[in-house]
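# Coordinates in review
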Amino acid sequence: MASVFLLLVIGLLTPGCRPDIQEEVYLDLFNGESLDGWEGDPSVFRVVDGAIVGGTLDSPIARTEFLCTTERFADFELRITARIEGNKNAGVQFRSERVPGSSQVAGYQADMGFIPKIWLPLLSDVTPPDTVGTYPIWGSLLDEFRDGTSRYPDPELPFWLLTVADQDIVSGALRPDDWNEVSVTAIGPRIKIGLNGTRTVEFVEEEDLSQTGVICLQVHDGPPSMAWYKDIKIRQLSGEHLQ
């Protein structure tokens, strides 16, 4: 009996073994049936077959739109499953804010999809060996539309890829034209992004920026496209969880 009691005590004192610790509980941000808990343009975002869908394949997307949580989050681990049809670019914003008078949001984005290789040197410090075709930016970390332009090298381009995921790593993890799980872990200034269980980004923020904000789902402007999102789960964390 003494040994059993000792095991119970150890279990209660071990992180991850206590059922009453909120940080260990994943919460569903999407109920699979409605957009309760989210705000955005209902003519752009809707629920289809248990997923949130933005955009359409019937007409071009006039402007980039976001569906955002009504709740704010600070330190967390987010898991979301997504796929893209048509224009192969979308993303998940976090620690973000709506830009007044605009459809844009300001903050970080776990990027998804592909961009023309010729754009990469304009949006990051990475120069590809050639400019033919597209580059996979699934699992990369973008920052965009914050107040002022000092954070972005070109004042006319208020966004920047802080970390570009390695092409070989992404290619090995990505399931093209299928569902892919994107994970984001944010603790204080430290951010990690994963793609289907493979780490793609480790980043430490050196600027004094807000460490709270909403989470948003993007549909990108451009040719007809649909961005699908499902299985959206989050758990709130404290510093010791980010290893």
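Residues numbered from 1 in each chain as written. Predicted model: local features only at pLDDT ≥ 70, side-chain atom pairs only at ≥ 80, totals over all residues. Heavy atoms only, no water.

### Concerning the overall build of the protein chain
- Helix and strand counts for the protein chain come out as three helices and 16 strands.
- Considering the protein chain as a whole, with its 243 residues, one finds that 45% of them fall into the buried category.
- Looking at the protein chain alone, contacts between residues at least 24 apart form 68% of all its contacts between residues at least 6 apart.
- As displayed, the protein chain has an accessible area near 12,200 Å², and 54% of this comes from carbon and sulfur atoms. (Helix = DSSP H or I, 4+ residues; strand = E, 2+ residues; numbered from the N terminus. Buried < 20%, exposed > 50% of the residue type's maximum accessible area, 1.4 Å probe, protein only. Contact = heavy atoms within 4.5 Å. Areas by Shrake-Rupley, 256 points an atom, 1.4 Å probe, with all protein chains shown as cover.)

### Some details on the pattern of salt bridges
- A complete count under the given rule lists 15 salt bridges for this structure.
- Glu39 serves as the salt-bridge partner of Arg98, at 3.0 Å between the closest nitrogen and oxygen. Pair noted here: Arg98 is in strand β7 (residues 89-98) and Glu39 is in strand β2 (residues 38-39), with a separation of 59 residues, a long-range link.
- Put simply, Glu202 and Arg199 hold a salt bridge, and the shortest N to O gap is 3.2 Å.
- Look at the salt bridges and you will find they share partners, linking Asp143, Arg146, Arg151, Glu205 and Glu207 into a network. (Salt bridge = Lys/Arg side-chain N within 4 Å of Asp/Glu carboxyl O.)

### Some words on the confidence of the model for the protein chain
- Across the protein chain, the average pLDDT comes to 89, with 88% of residues at 70 or higher.
- Confidence drops under a pLDDT of 50 for residues 1-23, and excluding neighbours within four residues, the segment shows eleven contacts in the predicted structure. (pLDDT = per-residue confidence, 0-100.)

### Digging into the environment of Asp49
- Assignment of secondary structure puts Asp49 in the loop between β3 (45-48) and β4 (51-56).
- With relative accessibility at 76%, the residue Asp49 sits in the exposed group.

### What about the side chain of Asn196?
- Structurally, Asn196 is set in the loop between β13 (190-195) and β14 (198-204).
- At a separation of 2.8 Å, a polar atom in the side chain of Asn196 contacts the main-chain carbonyl oxygen of Ala173. (Polar contact = N/O pair within 3.5 Å; in protein donor to acceptor, adjacent residues only side chain to side chain.)

### Considering the state of the cysteines
- Applying the stated rule across the entire model yields one disulfide.
- Between the sulfur atoms of Cys68 and its disulfide partner Cys216 the distance amounts to 2.1 Å. Residues Cys68 and Cys216 are joined through a disulfide that is right-handed, its torsion about the S-S bond being 105°. You can see Cys68 sitting in strand β5 (residues 65-69) and its partner Cys216 sitting in strand β15 (residues 214-219), a full 148 residues away along the chain. (Disulfide = S-S within 2.5 Å.)

### Some remarks on unusual backbone geometry
- Positive phi, normally seen in glycine, also occurs at Phe145, with a value near 55°.
- Its place among the elements puts Phe145 in the loop between β10 (141-144) and β11 (159-163).
- Look at Phe145 and you get partly exposed, because its relative accessible area is 23%.
- At Asp231, a position not held by glycine, the phi torsion is positive, near 50°.

### A look at the pairing of β14
- Note that β13 and β14 share six bridges and pair antiparallel. Following the sheet pairing, Leu195 is matched in β14 by Thr198.
- The hairpin turn running from β13 into β14, its antiparallel successor, is two residues long, and Asn196 in that turn takes a positive phi close to 50°. (Pairing = 2+ DSSP bridges.)

### Digging into the nonpolar core
- In this structure, Ile52, Leu78, Phe94, Met112, Leu217, Tyr229 and Ile232 are the most contacted members of the largest nonpolar core, which totals 41 residues.
- Non-local contacts of Met112, meaning those with residues more than four positions away in its chain, are made with Ala82, Ile84, Lys88, Asn89, Ala90, Gly91, Val92, Ile137, Trp138, Val182 and Tyr229.
- Ile115, Leu120, Ile137 and Leu161 belong to the second largest nonpolar core, which has eight residues in total. (Core = buried A, V, L, I, M, F, W, Y, C linked by side-chain atoms within 4.5 Å.)

### A short note on a nonpolar patch on the surface
- Taken together, the side chains of Ile118, Trp119 and Leu122 define a hydrophobic patch exposed on the protein surface, amounting to about 340 Å² of accessible area.
- Structurally, Trp119 can be placed in the loop between β8 (105-116) and α2 (120-123).
- Overall, the relative accessible area of 46% leaves Trp119 in the partly exposed class. (Patch = residues over 30% accessible without salt bridge, like charges linked within 9 Å, V, L, I, M, F, W, Y side chains within 5 Å.)

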